[in-house]
Amino acid sequence: MKELKRRILEDGRVIGTDILKVDHFLNHQIDPVLMQTIGNKFADIFKKDQVSKVITIESSGIAPALMTGLALKVPVIFARKKKPVTLNEGSLATEIVSFTKHVRNTVYIEKDMLQTGDRVLIIDDFLANGEASLGLARLIEMAGAEVAGVGIVIEKSFQEGRRRLDHAGYRVCSLARIASLGNGKVEFVDK
Ligand code: 5GP
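Owing to the predicted nature of the structure, the values given are computational and were not obtained by experimental measurement. (Residues numbered from 1 in each chain as written. Predicted model: local features only at pLDDT ≥ 70, side-chain atom pairs only at ≥ 80, totals over all residues. Heavy atoms only, no water.)

Caption draft 1: Layout of unusual backbone geometry. Glutamate 58 connects to serine 59 through a cis peptide bond whose omega is -5 degrees. One can find serine 59 in the loop between strand S3 (53-57) and helix H3 (62-72). Backbone geometry at glutamine 50 places phi at a positive 45 degrees, although glycine is not the residue there. Here glutamine 50 is to be found in the loop between helix H2 (32-45) and S3. Residue glutamine 50 is classed as exposed on the basis of its relative accessible area of 58%. (Helix = DSSP H or I, 4+ residues; strand = E, 2+ residues; numbered from the N terminus. Buried < 20%, exposed > 50% of the residue type's maximum accessible area, 1.4 Å probe, protein only.)

The following block contains the structure:
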């Protein structure tokens with residue numbers, strides 16, 4: 001997606017060799033117009049996949065997921081990183097390793113958010129080692145629902161996530177694919 005790549009080059013900042021900071025349009029300040037374009041793009045890519053729900057993890061996935069749900073006219077669920085007292089006993093839970101925070105998190109969804117027969121589209125802001133997307137896929141499958149696909153805003157193709165998701169048999173579509181972040185410079189897979 002041309003517009004997204006331009007924005008990454010203009011506003012993104014590389015931290016070390018493997019982290020891209022995009023706090024000015026995605027992870028802290030959010031550009032709603034860009035998010036709407038992203039949502040429409042995902043909706044177009046997955047329009048034939050009978051998506052009945054969209055799922056993400058709080059908090060950075062919520063903006064693109066919400067816009068995708070709006071375009072597809074389906075509900076959006078976000079997995080929670082802390083178990084609130086309002087969450088019923090018998091909620092579904094799985095452990096993931098946070099790429100940016102280097103900690104293990106248990107993420108939760110209420111059991112009755114997903115049913116057998118649901119086809120669920122996973123949306124996330126970044127794909128690094130695939131922990132978040134694979135964790136969401138586990139929650140979907142625990143509920144007896146099906147993964148309809150995985151939509152990623154920014155894929156870091158030099159990390160393990162893409163290979164792991166392909167290997168698990170999920171259809172992955174990423175709007176920007178980064179080949180490397182060496183020397184503080186963003187190199188895309190396709191120019
Ligand atoms: P994964 O679970 O695929 O290892 O990592 C994806 C998650 O980690 C995303 O939900 C995202 O929040 C965070 N993440 C991974 N890499 C980056 C990065 O380069 N920049 C930012 N801002 N977040 C990242």
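Caption draft 2: Structural context of the packing of helix H1 (residues 2-11) against H2. At a minimum axis distance of 10 Å, the contact between H1 and H2 shows a crossing angle of 140 degrees. Viewed along their axes, H1 and H2 adopt a mutual orientation that is oblique. When the axes of H1 and H2 are compared, the crossing they make is left-handed. When H1 is examined against H2, the residues Glu3, Leu4 and Arg7 are found in contact with a partner set consisting of Leu34, Thr37 and Ile38. Here the residues of the contact of H1 with H2 are counted per class, giving 3 nonpolar, 1 polar and 2 charged. (Axes fitted to C-alpha atoms, helices over the stretch in contact; angles between N-to-C directions. Parallel < 35°, antiparallel > 145°, perpendicular 65-115°, else oblique. Left-handed = near helix turned anticlockwise from the far one by under 90°. Contact = heavy atoms within 4.5 Å. Nonpolar A, V, L, I, M, F, W, Y, C, P; charged D, E, K, R; others polar.)

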